[in-house]
Amino acid sequence: MARKKIALVGAGQIGGTMALVLAQKQLGDVVLIDIPMTEGMPKGKALDIMEGRSVMGTSCNLSGSTNYDDIAGADVVIVTAGVPRKPGMSRDDLLGINCGVIKDVGLKIKELAPNAFVIVITNPLDAMVYNMQKVTGFDSSKVIGMAGVLDSSRLACFVAMELGVSAEDVKAIVMGGHGDTMVSLYDCVSVGGIPLPQLMSKEKFDELAARTANAGGEIVSLLVRGSAFYSPATSAIKMAEAYLLDKKSVLTCAVKLNDEYQGKGKGLYCGVPCVIGANGVEKIFEVKMNDAEMAAFEKSIEACKKNAEWVDANT
């Protein structure tokens, strides 16, 4: 059986990390794509990983290119292309810049990889995945945004640090838009199966939720010349793996809503728990929230709607 083909559009820090993880997991052959002005960068990163295959014990092939034709026939396309945040910038500050980038990339995917499962990482995430689906015209089950997996992992990390437990034993759900309005759900966090309210006060949880909402900005301020890349990369690969291996994984992702959640986000992309398998987004779960959480979720939907309206008016 032929190996799957995975195209990574954007060979920067996230793209390079994803290529390494894909090779380690042996999920398929990888092509790294970047703009012509990057010269040998995508080729160099691909070759660097190729030269480590004997050590890693993997046989996947990797290549780098500045020619979009090389994504032809890809089974999965993961898009990180765009400008990253700098200190003092919000994700929404990137809206105008990255909207054009996503349009160009989307048209190439539509032409060259019409059957691909598309994962968008570019910020502002909810607007960019909305734009990608609009440009490609693909069924919404095949176009998805990486945000909730990362945000939920960040919250789980902070809970684990606070309690002094293993992060892999903490399960969390962070819903809504990938920005300041994201909603961390207290009752949906568990530690080794134990509901978090039995182990942590709501006041302490709210502190960790606030840190989660600003987690990306915290890393930007520390790095100064870049934004987070290890955790976004591994989060995206978890989504790709669920699709490629038909795992039926329950993940919080930016998906297009229909009548879920009383239809308040109908037509918008927003982070909610869903099932990812060989058919893409196979089911969307509706999580019960208390009044305060529902109000916060509705506020987050409004933020997503505002950016989606900008995309509609300017593309």
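Residues numbered from 1 in each chain as written. Predicted model: local features only at pLDDT ≥ 70, side-chain atom pairs only at ≥ 80, totals over all residues. Heavy atoms only, no water.

Here the focus is the overall build of the protein chain. In terms of regular secondary structure, the protein chain is built from ten helices and 14 strands. Since a compact globule built from 315 residues should have a radius of gyration of about 20 Å, the 19 Å found for the protein chain is in line with a globular shape. C-alpha atoms of the protein chain, sized along the principal axes, occupy 50 × 45 × 40 Å. For the protein chain, the residues scored as buried account for 53% of the 315 residues in total. The contacts in the protein chain between residues at least 6 apart in sequence include a share of 70% that link residues at least 24 apart. Counting only carbon and sulfur atoms, one obtains 51% of the accessible surface of the protein chain, whose full area is about 14,000 Å². Mean positive and mean negative side-chain charge positions of the protein chain (32 and 36 charges, respectively) differ by 3 Å. (Helix = DSSP H or I, 4+ residues; strand = E, 2+ residues; numbered from the N terminus. Rg over C-alpha atoms; globule rule 2.2 N^0.38 Å. Buried < 20%, exposed > 50% of the residue type's maximum accessible area, 1.4 Å probe, protein only. Contact = heavy atoms within 4.5 Å. Areas by Shrake-Rupley, 256 points an atom, 1.4 Å probe, with all protein chains shown as cover. Lys, Arg positive; Asp, Glu negative; His and termini not counted. Charge placed at Lys NZ, Arg CZ, Asp CG, Glu CD.)

A few words on the sheet that holds strand 11 (residues 194-195). Where strands meet in a sheet, backbone hydrogen bonds hold them as pairs that are either parallel or antiparallel. Sheet architecture is open: three strands sit in the order 7-10-11, paired in antiparallel fashion. Each having just a single partner strand, strand 7 (170-171) and strand 11 make up the two edges of the open sheet. Examined bridge by bridge, strand 10 (residues 190-191) and strand 11 share two bridges and lie antiparallel to one another. Residue pairing in the sheet places Ser 190 in a bridge with Pro 195 of strand 11. (Pairing = 2+ DSSP bridges.)

So, on to the pairing of strand 4 (residues 76-79). Put simply, side chains in a regular strand alternate between the two faces of the sheet. Judged by which residues are buried, strand 4 turns out to be covered on both faces: Val 76 and Ile 78 on one side and Val 77 and Val 79 on the other are all buried. Note that strand 4 and strand 5 (residues 117-120) share four bridges and pair parallel. Residue pairing across strands places Val 76 opposite Phe 117, the latter belonging to strand 5.

Glancing now at the pattern of salt bridges. For the structure on display, the rule yields ten salt bridges. A salt bridge links Glu 241 to Lys 25; the shortest N-O distance between them is 3.5 Å. A residue pair is termed long-range when its members are at least 10 positions apart, and Glu 241 in helix 9 (residues 230-244) and Lys 25 in helix 1 (residues 13-25) qualify at 216 residues. On the accessibility criterion, Glu 241 (14% relative accessible area) is buried. (Salt bridge = Lys/Arg side-chain N within 4 Å of Asp/Glu carboxyl O.)

Quick look at helix 10 (residues 291-314) now. Given a rise of 1.5 Å per residue, 24 residues ought to cover 34 Å, and the 35 Å separating the end C-alpha atoms of helix 10 matches this to within 8%. Those residues of helix 10 that sit buried are Glu 293, Met 294, Phe 297, Ser 300, Ile 301, Cys 304, Asn 307, Ala 308 and Val 311. For helix 10, the secondary structure elements touched by its buried residues are helix 4 (95-112), helix 5 (125-136), strand 8 (174-175), strand 9 (183-184) and strand 13 (269-277). Of the residues that open helix 10, the one with a side-chain oxygen 3.1 Å from the backbone nitrogen of Ala 292 is Asn 290. (Expected span 1.5 Å × (residues − 1). Polar contact = N/O pair within 3.5 Å; in protein donor to acceptor, adjacent residues only side chain to side chain.)

Note on placement: Ala 254 falls in strand 12 (residues 249-256). The buried category is assigned to Ala 254, whose relative accessible area is 0%.

Across the junction of Asn 123 and Pro 124, the peptide omega takes the value -5°, indicating a cis bond. Here Pro 124 shows up in the loop between strand 5 and helix 5. Positioned with a positive phi, Asp 246 is a non-glycine residue whose angle comes to about 50°. By secondary structure assignment, the location of Asp 246 is in the loop between helix 9 and strand 12.

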